[in-house]
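Structure at a glance
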Number of protein chains: 2
Amino acid sequence: MKENMYDDEEFFSSYSHMLRSETGLEGAGEWHELERHIPDLEGKRVLDLGCGYGWHAAYAASLKAGYVLAVDLSERMLERARDINSAPCIEYRRIAMEDLELPPSSFDFVLSSLAFHYIEDFPSMAEKICTWLKDGGIFLFSAEHPVFTAAGSQDWYYDSEGRIMHFPVDSYFYEGKRDALFLGHNVVKYHRTLTTYIRALLSAGFTIKDIVEPQPPLSMMDIPGMKDEMRRPMMIIIEAVKNG
Amino acid sequence: MKENMYDDEEFFSSYSHMLRSETGLEGAGEWHELERHIPDLEGKRVLDLGCGYGWHAAYAASLKAGYVLAVDLSERMLERARDINSAPCIEYRRIAMEDLELPPSSFDFVLSSLAFHYIEDFPSMAEKICTWLKDGGIFLFSAEHPVFTAAGSQDWYYDSEGRIMHFPVDSYFYEGKRDALFLGHNVVKYHRTLTTYIRALLSAGFTIKDIVEPQPPLSMMDIPGMKDEMRRPMMIIIEAVKNG
């Protein structure tokens, strides 16, 4: 069974108080970078993997997408998504993305926001996504940065007075399971190198279009802790296009 | 004046005792990855930026390159290169790569091994390289990994008993000059993010073909300290192709 932390009542409650949960895309520090990479979606078929509250699905709907399939493993997430981000073109479906089966060449655009660090096997996922996309279709995703996932704890290293010294990197080339602390809870995440992300995409049949490590926008720099986000990369955004 | 540490007698002496200096390409932990990306060079025009001892230039000559222009800022490096890695097709030239002027579309392949972290302005360099390459020409380089250059010291973080705890990352999004310790000497290097490398290549007119963070080969794992190279990425290799 895939881990389904987001259906844990307490964890979900913590998540629901994050800025990105309360205010949607505008509350997500990386949104301005992700948005720049979203293509024209009018009449297009969109797949959203790990849709959470449905903010991205709703955004696709606002761009007049023809159909949006938005999947998530968490019933609580989907309940909230149906509540606040419904649209006639959006189908919310509860399933682990690894278990999804879809016809080949049936989507124009596949999006995933901060979900792949929860899955164990990215190369297989990339292969499936490439199959589901039409030739020339775009695959855009954000994930936690390999720098952020390598050591495991995902926490800064502090001096004896509790001040941040630096961010620790360790075990970089040892990929796999990590026990991370997220919102005060132990959460299983998976570390992989940048090389593995790139190799998986190239082998699956993609061309790399862009790679961005988002920095917080100036407008959010006064939020407590945000300046520290300049000290290490936390996320990576990759845009790839299906060859053919 | 560009920094020319390699003409400092003491520093050069330290460098000359590194495994990669004494045994050439086979002594370089990343060579097996770089080699995989070198195209057919028979009859081709090759540019080697920051050629050092000339190991790569000699390798290109062994692949029957038609002409190899190999440049370096250090007279000591070039002296040694002419001594041990000469070939009729190789021209060694002393110049800072930033000052090089070459005709457009005059090279098939541009290679640079571990030199770009010494230059301040990579985007300008990438633009020039793109101009010098013929359409479809390949640009292959290794550089110190942004994880390795970010904090500046390039050293591990140790516990009170001198054991490695982890590798520190800091100031990641603050690009520019760093005072690094290399072979016991203070050396100026330049940190830039992965994003900057990628953006510079894309803007210059390249397509990204591959990105690899080399791991030490199993055959070198018994060399003291080599296992620690699994704990953080030290180098990055990028292959790009000129559009058109």
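What this report covers is the structure whose coordinates are included nearby. Quantities reported herein were computed from a predicted structural model and do not represent experimental measurements. (Residues numbered from 1 in each chain as written. Chains lettered and ligands numbered in written order. Predicted model: local features only at pLDDT ≥ 70, side-chain atom pairs only at ≥ 80, totals over all residues. Heavy atoms only, no water.)

**Observations concerning the pattern of salt bridges**
- Using the criterion set out here, one finds 30 salt bridges over all chains in the structure.
- Here A:Arg93 ties to A:Glu91 by a salt bridge, and the two come within 3.1 Å at their closest N and O atoms.
- For A:Glu91, a relative accessible area of 29% gives the class partly exposed.
- Taking the shortest distance from any N to any O, the salt bridge between B:Asp228 and B:Arg231 comes out at 3.9 Å. (Salt bridge = Lys/Arg side-chain N within 4 Å of Asp/Glu carboxyl O. Buried < 20%, exposed > 50% of the residue type's maximum accessible area, 1.4 Å probe, protein only.)

**Things to note about the interface of chain B and chain A**
- Counting from both sides, the interface comprises 37 residues of chain B and, opposite them, 37 residues of chain A.
- Contact with chain A buries area across many residues of chain B, yet B:Phe173, B:Glu213 and B:Met230 alone supply 21% of it, more than any other trio.
- Counting across the chain B and chain A interface gives six salt bridges.
- Taking the shortest distance from any N to any O, the salt bridge between A:Glu33 and B:Arg199 comes out at 3.5 Å.
- Where chain B touches chain A, the interface holds 20 residue pairs in polar contact (both at pLDDT 80 or more).
- When contributions to the side of chain B that touches chain A are tallied by element, the ones reaching two or more residues are α3 (31-36), β7 (164-169), α8 (194-204) and β10 (206-212) of chain B.
- In terms of residues, the side of chain B that touches chain A owes the most to one element, β10(B), which gives six residues.
- For the side of chain B that touches chain A, the residue count by class is 19 nonpolar, seven polar and 11 charged.
- Bridge analysis of strand β7 (residues 164-169) of chain A against β7(B) gives three bridges, and the strand direction is antiparallel. (Contact = heavy atoms within 4.5 Å. Buried area = accessible area lost by both parts, 1.4 Å probe. Polar contact = N/O pair within 3.5 Å; in protein donor to acceptor, adjacent residues only side chain to side chain. Helix = DSSP H or I, 4+ residues; strand = E, 2+ residues; numbered from the N terminus. Nonpolar A, V, L, I, M, F, W, Y, C, P; charged D, E, K, R; others polar. Pairing = 2+ DSSP bridges.)

**Structural notes on unusual backbone geometry**
- Positive phi, normally seen in glycine, also occurs at A:Ser171, with a value near 55°.
- In this fold, A:Ser171 is placed in the loop between β7 and β8 (176-182).
- The exposure class of A:Ser171 is partly exposed, given its relative accessible area of 25%.
- In this structure, B:Ser105 is a non-glycine residue whose phi angle is positive, near 50°.

**With respect to the environment of B:Glu101**
All names here are of chain B.
- Considering the arrangement of structural elements, one finds glutamate 101 in the loop between β3 (90-94) and β4 (107-113).
- When its relative accessible area of 71% is taken as the criterion, glutamate 101 is described as exposed.
- Distance in space between the C-alpha atoms of glutamate 101 and tryptophan 132 is 8.9 Å, their sequence separation being 31 residues.

**Points about the sheet that holds strand β6 (residues 157-158) of chain A**
- If you walk across this open sheet you meet the four strands as β6(A)-β7(A)-β7(B)-β6(B), and the pairing is antiparallel. Here the strands that pair on one side only, and so sit at the sheet edges, are β6 of chain A together with β6 (157-158) of chain B.

**Details of the pairing of strand β8 (residues 176-182) of chain B**
All names here are of chain B.
- Here seven bridges tie β8 to strand β9 (residues 185-191), and the two strands are oriented antiparallel to one another. Residue pairing across strands places arginine 178 opposite lysine 189, the latter belonging to β9.
- Count of turn residues in the β8/β9 antiparallel hairpin: two residues, of which leucine 183 carries a positive phi of about 55°.

**Examining the relation of the copies chain B and chain A**
- For the pair chain B and chain A, the relating rotation is 180°, the translation along its axis is 0.0 Å, and the fit reaches an RMSD of 0.0 Å. Within this description, the copies of the chain are treated as partners about a two-fold rotation axis. Considering only C-alpha atoms, the residue of chain B closest to the rotation axis is B:Pro168, which sits at 2.4 Å.
- Take the interface residues of chain B: 100% of them recur as interface residues in chain A, which is what a same-surface contact looks like. (Least-squares fit on C-alpha atoms with pLDDT ≥ 70 in both.)

**Describing helix α4 (residues 55-62) of chain A**
Residue and element names in this part refer to chain A.
- Along α4, the residues that are buried comprise His56, Ala57, Tyr59, Ala60 and Ala61.
- On its buried face, α4 is in contact with α3 (31-36), β1 (45-49), β2 (67-72), β3 (90-94) and β4 (107-113).
- After α4 finishes, the residue lysine 64 shows a positive phi value of roughly 65°.

**Details of helix α6 (residues 122-132) of chain A**
- Listing the buried residues of α6(A) in full gives A:Phe122, A:Met125, A:Ala126, A:Ile129, A:Cys130 and A:Trp132. In a view along the axis of α6(A), the buried residues occupy a sector of 160°, so they form one face of it. (Arc of directions from axis to C-beta.)

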